[in-house]
Amino acid sequence: FSVTHRAKKGNPQPFQKGYLLNWTSQKTIWDSVFSNPLKVSPQDTHLIVTEPPLNFTSIKEAWDEMMFEEYGFKSLFRCSPSTLTAFYYKQTHTDNQCCLIVDAGHSFTHIIPYHNGKQIQTATKRIDIGGKQLCNLLKEQISYRQLNLLEETYACNLIKEDVCFVSTSFYEEMELARKKDPSVLCEYVLPDFVNIHRGYVKLPDSVGDDPDEARKPAPTKEQLIRLSLERFTVPEILFNPSDIGIESMGLTEAIVYSIKQCPTNMQPHLYNNIVITGGTSKFQNFKDRIIKDVRSCAPDIFNINVYRPEDPVVEAWKGGQLFSGWLGILT
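Being a predicted model, the structure only gives us computed values, none of them experimental.

Here is what the cut-offs are and how they apply
Residues numbered from 1 in each chain as written. Predicted model: local features only at pLDDT ≥ 70, side-chain atom pairs only at ≥ 80, totals over all residues. Heavy atoms only, no water. Helix = DSSP H or I, 4+ residues; strand = E, 2+ residues; numbered from the N terminus. Buried < 20%, exposed > 50% of the residue type's maximum accessible area, 1.4 Å probe, protein only. Phe/Tyr/Trp six-rings, centres within 6.5 Å; stacked < 30°, edge-to-face > 60°. Axes fitted to C-alpha atoms, helices over the stretch in contact; angles between N-to-C directions. Parallel < 35°, antiparallel > 145°, perpendicular 65-115°, else oblique. Left-handed = near helix turned anticlockwise from the far one by under 90°. Contact = heavy atoms within 4.5 Å. Nonpolar A, V, L, I, M, F, W, Y, C, P; charged D, E, K, R; others polar. Disulfide = S-S within 2.5 Å. Salt bridge = Lys/Arg side-chain N within 4 Å of Asp/Glu carboxyl O. Core = buried A, V, L, I, M, F, W, Y, C linked by side-chain atoms within 4.5 Å. 1 Å grid on protein atoms, 1.4 Å probe; cavity = no way out; pocket = protein on both sides within 12 Å on 5 of 7 lines; lining within 4 Å. Points joined across faces, edges and corners; volume = space filled by probe spheres on them.

## Quick notes on unusual backbone geometry
When glycine is set aside, most residues are seen to have a negative phi, and most peptide bonds are trans.
Then comes step 1: Phi at leucine 54 takes a positive value of approximately 60°, unusual for a residue other than glycine.
Then comes step 2: Position of leucine 54 among the secondary structure elements: in the loop between β3 (46-50) and α3 (57-71).
Then comes step 3: A positive phi angle is found at phenylalanine 193, which is not glycine, with a value near 60°.
Then comes step 4: You can see phenylalanine 193 is positioned in the loop between β9 (186-189) and β10 (200-202).
Then comes step 5: With a relative accessible area of 43%, phenylalanine 193 lands in the partly exposed category.

Put into structure tokens, the structure is as follows:
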């Protein structure tokens, strides 16, 4: 709420599409974090900072200037989250020299191959779709069909996280949605921020035969919306961006394309070490869909192995923690 409130007051959010553009707003956040929760002395502190892959040189230089001249940190190490993820994967899978990081984040999805911890820049691929675009699409679909939630980004993001899933058989799921099958159709209780502070899923007891009725919330004191095909058509955009008019490769196509840009002797190792991270990768069936689609595109002689951490959101942080200890930064 506070970030949205600041934006409406004319104080824009620090990050736009993953890039740090509003340094004044971000400095206010840093001042608070460094002085209160962390209580660090910059002059005695080594700092690891993550930045987007393919970041602009001007932003990198501004990072360095801010950290050294404004705060006076002892040292600074800048890298992408995928680099820390690749480092952590290599330290925990010591037999593997190559890996392909699929970072499905908030603003973008990056596909980045690594060899011995070094990014292969020429094979790096970016898809201009992330969790933010999926949330916006879900807002539009719900607002058009049921209830206006265009200003309720927080609530829609929770809906996306709670009910959306990746389809492994899209047309079969569409047929189940048409029949209002309980495996697809569900009711979601919206928060009112008085009695209900977080929305939750409430499976319907029964669904009538009237398609119009399936779109109407059940008569109850709770504010309900019914979700059906939105649950899997929204994440499908990751694999088929052209469905909403975005001229870009889908996720599977981008993975295969990135691997093909690497040396031939690396390709079987990359197919065998695909690592998926980022909050958007937490969708149910996300891993299974990648395995299925990549298997259909890759040569039969190559093994396909996809690794998803238990919590893909913090995998880069684990890599940073391990890396800092490895350098002796943490004592």
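That shown, we press on.
## Quick notes on the packing of aromatic side chains
Then comes step 1: Using the criterion set out here, one finds 18 aromatic pairs in the structure.
Then comes step 2: Ring geometry for tyrosine 19 and phenylalanine 56: centres 5.1 Å apart, planes at 50°, overall tilted. With tyrosine 19 in strand β2 (residues 19-20) and phenylalanine 56 in the loop between β3 and α3, this residue pair connects regions lying 37 residues apart in the sequence.
Then comes step 3: On the accessibility criterion, tyrosine 19 (8% relative accessible area) is buried.
Then comes step 4: Classification of phenylalanine 56 as partly exposed rests on a relative accessible area of 49%.

## Overview of the packing of helix α9 (residues 251-260) against helix α11 (residues 286-297)
Angle between the axes and distance between the axes: these two values describe a pair of packed helices.
Then comes step 1: As a packed pair, α9 and α11 sit with axes 9 Å apart at the nearest point and diverge in direction by 55°. When the axis of α9 is compared with that of α11, the two are oblique. Classified by chirality, the crossing of α11 by α9 is right-handed. Residues Leu251, Thr252, Ile255 and Val256 of α9 touch α11, and the partners they reach there are Phe286, Ile290, Asp293, Val294 and Cys297.
Then comes step 2: Taken together, the residues of the contact of α9 with α11 break down into 7 nonpolar, 1 polar and 1 charged.

## Remarks on the state of the cysteines
Then comes step 1: Scanning all chains against the criterion turns up 0 disulfides.
Then comes step 2: Of all cysteine sulfurs in the structure, the one in cysteine 98 sits closest to cysteine 99, which takes part in no disulfide; the separation is 7.8 Å.
Then comes step 3: We note that cysteine 156 lacks a disulfide partner, and the nearest cysteine sulfur, in cysteine 135, lies 5.6 Å from it.
Then comes step 4: Relative accessible area serves as the criterion here: at 0%, cysteine 156 is assigned to the buried category.

## Section: the environment of leucine 20
Then comes step 1: By secondary structure assignment, the location of leucine 20 is in strand β2.
Then comes step 2: In this structure leucine 20 comes out as buried when scored by relative accessible area, which is 2%.
Then comes step 3: In the structure, leucine 20 is positioned 42 residues away from alanine 62 in sequence and 9.7 Å away in space, judged by C-alpha atoms.
Then comes step 4: Leave out the neighbours within four places in its chain, and leucine 20 touches Pro14, Phe15, Gln26, Trp30, Ile59 and Trp63.

## Observations concerning the pattern of salt bridges
Then comes step 1: Summed over the entire model, instances satisfying the criterion amount to 12 salt bridges.
Then comes step 2: With a shortest N-O distance of 2.6 Å, arginine 178 and glutamate 175 are connected by a salt bridge. Within this pair, arginine 178 and its partner glutamate 175 are both found in helix α7 (residues 170-178), separated by 3 residues, close to a single helical turn.
Then comes step 3: Exposure remark for arginine 178: the relative accessible area of 55% places this residue in the exposed category.
Then comes step 4: Note that glutamate 175 is salt-bridged to lysine 179, the shortest N-O span being 3.8 Å.
Then comes step 5: Take lysine 179: its relative accessible area is 54%, and that puts it in the exposed class.
Then comes step 6: The structure contains a network of salt bridges with shared partners spanning Lys27, Asp31 and Glu70.

## Here's the deal with the nonpolar core
Then comes step 1: In this structure, Ile159, Leu251, Ile255, Phe286 and Ile290 are the most contacted members of the largest nonpolar core, which totals 50 residues.
Then comes step 2: Beyond its immediate stretch of four places on either side in the chain, isoleucine 255 contacts Leu100, Val102, Ile111, Ile274, Ile290 and Val294.
Then comes step 3: Among the nonpolar cores identified, the runner-up in size contains 15 residues, and Phe34, Leu47, Val49 and Phe108 belong to it.

## Some details on empty space enclosed by the protein
Then comes step 1: Across all of its chains, the model carries 1 cavity of 30 Å³ or more by this definition.
Then comes step 2: Within this model, the largest cavity holds a volume of roughly 40 Å³.
Then comes step 3: Looking at the largest cavity, the residues that line it are Ala86, Tyr89, Lys90, Asn96, Gln97, Cys98, Cys99, Tyr114, Asn116 and Gly117.
Then comes step 4: A per-element tally of the lining of the largest cavity places helix α4 (residues 81-92) first, with 3 residues.
Then comes step 5: The residue makeup of the lining of the largest cavity, split by class, is 5 nonpolar, 4 polar and 1 charged.

## Re the layout of surface pockets
Gaps between atoms show up when a probe of the same size as a water molecule is rolled over them.
Then comes step 1: By volume, the second largest pocket amounts to about 240 Å³.
Then comes step 2: Considering the residues around the second largest pocket, the lining is formed by 16 residues, among which Glu51, Cys79, Ser80, Thr83 and Gln119 are closest to the centre.
Then comes step 3: At the level of elements, β4 (75-79) and β7 (118-119) are the ones that each hand at least two residues to the lining of the second largest pocket.
Then comes step 4: Residues that form the lining of the second largest pocket fall into these classes: 6 nonpolar, 6 polar and 4 charged.

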